[in-house]
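# Architecture at a glance
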Amino acid sequence: MNLRLDSALKWLVVSVILLNMPIRPIVPFPADRPANRADAPAQPELPSGPQIRAAMEWFASHRAWIDDEQARLTEIPAPSFQESERAAAVKVLLSAVGLEVSTDKAGNVIGLLRGESDKELVILSAHLDTVFPAGTDVRVHRDKSRMTAPGISDNGAGLVALVAVARALHEARIQPRRTILFVADVGEEGEGNLRGMRALVDAYRERLKAVIVLDGSSIDHVTTKALASRRVEVVITGPGGHSWSDFGIPNPINALVRGSVRFINTRVPSSPRTTYNLGQIEGGTSVNSIPHEARLKVDLRSEADDELIRLVDSARALTGGTTVAGESMR
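Residues numbered from 1 in each chain as written. Predicted model: local features only at pLDDT ≥ 70, side-chain atom pairs only at ≥ 80, totals over all residues. Heavy atoms only, no water.

### Observations concerning the overall build of the protein chain
Within the protein chain, the regular secondary structure consists of eight helices and 13 strands. At a minimum sequence separation of 6, the contacts of the protein chain that also span at least 24 residues come to 76%. For the protein chain, the computed accessible surface area is about 17,800 Å², with 52% contributed by carbon and sulfur atoms. (Helix = DSSP H or I, 4+ residues; strand = E, 2+ residues; numbered from the N terminus. Contact = heavy atoms within 4.5 Å. Areas by Shrake-Rupley, 256 points an atom, 1.4 Å probe, with all protein chains shown as cover.)

This is the structure in structure tokens:
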């Protein structure tokens, strides 16, 4: 945490407040504001008043608490599909500020702040899981105002921001116009495949007005465009055998390698930006045995649905035996 992040948290409070005001002015992100030119359109002022000032001032007086909670949450291991311990810690924090807190079937922790109306919902979320596998040393190291650890920004920063915003609104006695769901969601990373967010959208789709996702440490931009992605698992099987006596029988690894080489020669456009990544290969039991199975996991992304579909079709056509692990919006 640092002064820039402290400032970002204040802007986040403002964003949540603006989304829930009875009449919501359009206030651009600070970096996008036009210069003070004669022809520049007049910008509406940020909302003011004692409650708004109290929410803003809460951050300055609780900087140490925010840092300490970020470190504590980061030090609770939470690989995808193993988020329950960290989820329990976040549930306690959200309950402490008077939210109605529950856990859904997917494992998402949901804190309800009732607004003047339940007809529209705003979700403010941060994912619980980390990309680091079980057994990773997640202890936080401090050097003056700097903290380092695996997952401290992705997504220790997001989780502590989620809790801090909830506390700031509570301490300032702010009741929003729209109901806010403060959500610590599961399964964002890797093969988690956004299962937590999918469950939220399925459950609240009809009433969702906006979703704000807190993820990572960057405060230089706000992402407003969804990115389509699919994760594909290629599985090739064979009879298996001995490297000497069974030489010549089909070898799944050989087939996987040949298919992979053909696939990575697939041309992808730079606009709309389209990418692929061969991220994980598994197979075989020993150097002197022909494997009976080989697996390849591929990440495919594009700004355009048709390009993503074309890339998935190329993977299927060139390798065969594919099962699609899922598709998501990230």
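### So, the confidence of the model for the protein chain
Mean pLDDT over the protein chain: 85, with 82% of residues reaching 70 or higher. Looking over the protein chain, one finds the lowest element-wise mean pLDDT in strand S13 (residues 322–329), namely 36, and the highest in helix H4 (residues 84–95), namely 98. For the stretch residues 21–35, pLDDT sits under 50, and the model shows 24 contacts to residues farther than four places along the chain or on other chains. Confidence over residues 321–330 falls short of pLDDT 50; this stretch has 42 contacts with residues more than four positions distant or in other chains. (pLDDT = per-residue confidence, 0-100.)

### Some remarks on the packing of helix H3 (residues 63–74) against H4
Where H3 contacts H4, the axes come no closer than 10 Å and their chain directions differ by 155°. As judged from the angle between their axes, H3 and H4 are roughly antiparallel. Note on element contacts: H4 touches H3 through Arg86, Ala89, Val90 and Leu93, opposite Trp65, Glu69, Arg72, Leu73 and Thr74. (Axes fitted to C-alpha atoms, helices over the stretch in contact; angles between N-to-C directions. Parallel < 35°, antiparallel > 145°, perpendicular 65-115°, else oblique.)

### Digging into the pattern of salt bridges
Pairing is possible between side chains of opposite charge, provided their charged atoms come close. A complete count under the given rule lists 16 salt bridges for this structure. For the salt bridge of Arg142 with Asp68, the shortest nitrogen-to-oxygen distance reads 3.0 Å. Separated by 74 residues along the polypeptide, Arg142 in strand S4 (residues 141–143) and Asp68 in helix H3 bring together distant segments of the chain. Exposure remark for Arg142: the relative accessible area of 47% places this residue in the partly exposed category. Between Arg295 and Glu233 there is a salt bridge, and its shortest N-O distance comes to 2.8 Å. With a gap of 62 residues between them, Arg295 in strand S12 (residues 293–302) and Glu233 in strand S8 (residues 228–237) connect regions that are remote in the sequence. (Salt bridge = Lys/Arg side-chain N within 4 Å of Asp/Glu carboxyl O. Buried < 20%, exposed > 50% of the residue type's maximum accessible area, 1.4 Å probe, protein only.)

### Remarks on the nonpolar core
Counting residues in hydrophobic clusters, the biggest one holds 31 residues, and the most contacted among them are Val90, Leu94 and Phe182. For this core, the secondary-structure elements that each account for two or more residues are helix H2 (50–61), H4, strand S2 (109–113), strand S3 (117–127), helix H5 (152–171) and strand S6 (178–185). Beyond its immediate chain neighbours, meaning those up to four positions away, Phe182 contacts Leu94, Leu99, Val109, Ile110, Gly111, Leu113, Leu124, Leu162, Val165, Ala166 and Leu169. Formed by 14 residues, the second largest nonpolar core is a distinct cluster that contains Val234, Leu256, Val298 and Ala315. (Core = buried A, V, L, I, M, F, W, Y, C linked by side-chain atoms within 4.5 Å.)

### Considering the packing of aromatic side chains
The tally for this structure, following the rule as stated, stands at three aromatic pairs. Summarising the aromatic geometry, the rings of Trp58 and Phe59 are spaced 5.4 Å apart at their centres and angled 85° between planes, so their arrangement reads as edge-to-face. On the numbers, 5.9 Å between centres and 75° between planes, the contact of Trp58 with Trp65 is edge-to-face. Under the relative-accessibility criterion, Trp58 is labelled buried at 4%. Classification of Trp65 as partly exposed rests on a relative accessible area of 23%. (Phe/Tyr/Trp six-rings, centres within 6.5 Å; stacked < 30°, edge-to-face > 60°.)

### Quick notes on the pairing of S6
Of all eight residues in S6, eight are buried; the element is thus mostly enclosed. Sheet topology note: the S2/S6 ladder contains five bridges and is antiparallel. Counterpart to Ile110 in the pairing with S6 is Val183. Where S3 and S6 come together, eight bridges link them in parallel fashion. The partner of Val122 across the bridge, within S6, is Ile180. (Pairing = 2+ DSSP bridges.)

### Let's talk about the sheet that holds S6
Read from one edge of the open sheet, five strands run S1-S2-S6-S3-S7, paired in mixed fashion. Of all strands in the sheet, those bounded by a partner on one side alone are strand S1 (100–103) and strand S7 (208–213). Going across the sheet, the axis of each strand differs from the next one's by a mean of 20°, ignoring polarity. Relative to the sheet, H5 contacts S2, S3 and S6, its axis offset from that of S3 by approximately 145°.

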